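Residue-level structure breakdown
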Amino acid sequence: MKGMLSGVTVLELGQVIAGTYGGMILADLGAEVIKIEPFWGDAARNPKITPVGSESAIHLQMNRGKKSMVLDLKSEAGREIFCELVAASDVVIDNFRPGVMERLRIDPESLSRHNPRIITVSITGFGATGPARDRPAFDLVVQAYSGLLDMTGPGDGPPARVGIPIADICGGIFTALAVLGALVGRELHGEGQHADISMLDTLVSMLSYDAFDHLNTGAVIQRRGTAHAHIVPWQALEVRDGFVVVAARGDKFWRNLCDAIGRPDLKDDPRTRDNAARLEHRSFVEEILTTEFARRTKAEWMEMTETYDLPVAPVNDIAEVFTDPQVLARDMVRHYRHPVLGDLSYLTSPVKLSGWRHPNQSAPMLGEHTAEVLMKKMNYSPEAIEDLIDQGVVSAGGDHDGIMAAGLGS
């Protein structure tokens, strides 16, 4: 079976994470994703950041399954080639700061003249409008702006960053969602679409019901560490060899937990018999559970989940995640062969589609597919490609000596 997006061509002017994560999702779904890179490459290629051998883990993970084309978009010849490519493509994704695409004369309005059906997505820190639009935005900056930082961390401590680059990743997810929606809309209505994605908007939208509560009641969320503002117990508890979490939402799970710790009396105790009572007597509940949970190990508590149907989970470190039987059973780790580094493990897509196995392709070397794209998608001759290389308009990653002779196999 072909991928859901087989036949769709995406041009990705993406850098690091925010501009590349969405393209990775689209490549997993079968799209041909062509990274258009400057001569020095995507900043994510910097091997000083999360190095794996001579490469960067960010690049190796975020750009798997894509092609790399090196093109000088600041030159007139480079822009002409890009616009030719746009005419034969479906989607353009960029994560430049506002105004860059206009200065390069490849903004959505200009591109639509070359292809009225083109879908364009610009992802920035703060969006194309508003007083903060031109400010530099990194994940930590956006987490702070969004309120997420203030909500995260222990109640008696400072704000805490979410451990992953959540603003970048959410921006990429919503970028892919915008592309999918625009592709469907184009089939229904025949026109392309431009999407303005702000990393700040994505995190603010994820404040969800807490935002609704505040907007309508004025309630303010207080930092509570792993504890929940509205449910008790819902938190991490220390055990003999680390931590587990318990999330007893609903009286059924509370009653099961009472049986598991040998305290059936708490089912009917006026201080603990329902969630409202447990909220009022949070300290009393936490004191009991702290004592009881400390008696067992993580493994023993996981055995208890089977016996008593408990919403309990170990607090895994990253090594434990990838030895966990459930993670392994879900085929979340696969392997590809990198041309320099050899066999590498990577995280595959969480989307499981019947009849479709996600591509198992390495992240590309810089400019690895320049000649292929020019020949196969735009009918350039080997001689013309050599001329472009000599003029400094494109680069084939230093591997173009055989282009003339081989004709890329054509």
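Figured I'd write up the structure that's included with this text. (Residues numbered from 1 in each chain as written. Predicted model: local features only at pLDDT ≥ 70, side-chain atom pairs only at ≥ 80, totals over all residues. Heavy atoms only, no water.)

1. Side note on the environment of lysine 66
Following the sequence through the fold, lysine 66 ends up in the loop between α2 (57-62) and β5 (67-71). With a relative accessible area of 1%, lysine 66 lands in the buried category. As for lysine 66 and lysine 35, which are separated by 31 residues in sequence, their C-alpha atoms are 6.8 Å apart. Filtering out sequence-adjacent residues up to four positions away, lysine 66 remains in contact with Glu12, Thr20, Gly23, Met24, Val33, Lys35, Ser362, Pro364 and His369. (Helix = DSSP H or I, 4+ residues; strand = E, 2+ residues; numbered from the N terminus. Buried < 20%, exposed > 50% of the residue type's maximum accessible area, 1.4 Å probe, protein only. Contact = heavy atoms within 4.5 Å.)

2. Quick notes on the packing of helix α1 (residues 18-28) against helix α8 (residues 166-189)
Running from amino to carboxyl end, α1 crosses α8 at an angle of 45°, the nearest separation of the two axes being 7 Å. Comparing the axis directions of α1 and α8 gives the class oblique. The interaxial crossing formed by α1 with α8 has right-handed handedness. Here α1 contributes Ala18, Tyr21, Gly22, Ile25 and Leu26 to the contact with α8, which in turn contributes Asp168, Ile169, Gly172, Ile173, Ala176, Val179 and Leu180. (Axes fitted to C-alpha atoms, helices over the stretch in contact; angles between N-to-C directions. Parallel < 35°, antiparallel > 145°, perpendicular 65-115°, else oblique. Left-handed = near helix turned anticlockwise from the far one by under 90°.)

3. Looking at the packing of aromatic side chains
In the structure shown here, the tally under the stated rule is three aromatic pairs. Ring centres of phenylalanine 126 and tyrosine 145 lie 4.8 Å apart, and the angle between their planes is 65°; this geometry places the pair in the edge-to-face category. Placement of phenylalanine 126 in the loop between β7 (119-124) and α6 (139-146) and of tyrosine 145 in helix α6 is noted, with a sequence separation of 19 residues between them. By relative accessible area, which is 8% here, phenylalanine 126 ends up buried. Of note, arginine 271 hangs over the ring of phenylalanine 284, and the distance from its end group to the ring centre comes to 4.0 Å. Over the aromatic face of tryptophan 301 sits the side chain of arginine 296, whose NZ or CZ is 5.2 Å from the ring centroid. (Phe/Tyr/Trp six-rings, centres within 6.5 Å; stacked < 30°, edge-to-face > 60°. Lys NZ or Arg CZ within 6 Å of the ring centre and 35° of its normal.)

4. Overview of unusual backbone geometry
Backbone torsion omega between valine 232 and proline 233 reads 0°, so that peptide bond is classified as cis. Mapped onto the elements, proline 233 comes out in the loop between α10 (208-217) and β9 (234-239). Its identity as a non-glycine residue notwithstanding, arginine 105 has a phi of 65°, on the positive side. The topology assignment puts arginine 105 in the loop between α4 (100-103) and α5 (108-114). Even without glycine at this site, asparagine 379 takes up a positive phi of about 60°. Tracing the chain through its elements places asparagine 379 in the loop between α17 (370-376) and α18 (382-391).

5. As for the sheet that holds strand β10 (residues 242-247)
Read across the open sheet, the three strands follow the order β9-β10-β11; overall the sheet is antiparallel. At either margin of the open sheet sits one strand with a lone partner, and together these are β9 and β11 (312-314). Each strand axis lies, on average, 25° off the axis of its neighbour in the sheet, ignoring direction. Sheet topology places β10 next to β11; three bridges connect them, and they run antiparallel. Each residue of the ladder has a partner; that of valine 245, found in β11, is alanine 313. Along the sheet, helix α14 (residues 298-308) makes contact with β9, β10 and β11, crossing β11 at roughly 150°. (Pairing = 2+ DSSP bridges.)

6. Remarks on the pattern of salt bridges
Scanning the model with the defined rule gives 23 salt bridges in all. In this structure, glutamate 76 engages arginine 79 in a salt bridge whose closest nitrogen and oxygen atoms are separated by 2.8 Å. Of this pair, glutamate 76 and arginine 79 are both found in helix α3 (residues 76-87), three residues apart, which corresponds to roughly one turn of the helix. Residue classification places glutamate 76 among the partly exposed positions, given a relative accessible area of 41%. Measuring nitrogen to oxygen at the nearest pair gives 3.3 Å for the salt bridge that ties aspartate 331 to arginine 357. Here aspartate 331 is found in the loop between α16 (325-329) and β12 (333-338), whereas its partner arginine 357 is found in the loop between β13 (342-347) and α17, with 26 residues between them in sequence. Overall, aspartate 331 belongs to the partly exposed group, its relative accessible area being 32%. Residue classification places arginine 357 among the exposed positions, given a relative accessible area of 53%. (Salt bridge = Lys/Arg side-chain N within 4 Å of Asp/Glu carboxyl O.)

7. Let's talk about the nonpolar core
Formed by 32 residues in total, the largest nonpolar core has its most connected members in Leu13, Ile36, Ile81, Phe82, Val92 and Leu374. Listing elements by their share of this core, those giving two or more residues are β1 (9-13), β2 (32-37), β5, α3, α4, α17 and α18. Here the element with the most residues in this core is α3; it accounts for five residues. Those residues within four positions of valine 92 in sequence are excluded, and the remaining contacts are Leu11, Leu13, Phe82, Val86, Met101, Leu111, Ile118, Ile119, Thr120 and Val121. Among the nonpolar cores identified, the runner-up in size contains 30 residues, and Ala27, Val91, Ala182 and Leu200 belong to it. (Core = buried A, V, L, I, M, F, W, Y, C linked by side-chain atoms within 4.5 Å.)

8. Description of the sheet that holds β7
One open sheet holds the seven strands; their spatial order is β8-β7-β6-β1-β2-β5-β14, and the pairing between them is mixed. With partners counted over all chains shown, the strands left at the sheet margins are β8 (194-198) and β14 (394-395), one partner each. Where strand β6 (residues 91-94) and β7 come together, four bridges link them in parallel fashion. Bridged to valine 91 within β7 is isoleucine 119. Helix-sheet contacts for α8 involve β6, β7 and β8, and the interaxial angle to β7 is about 160°.

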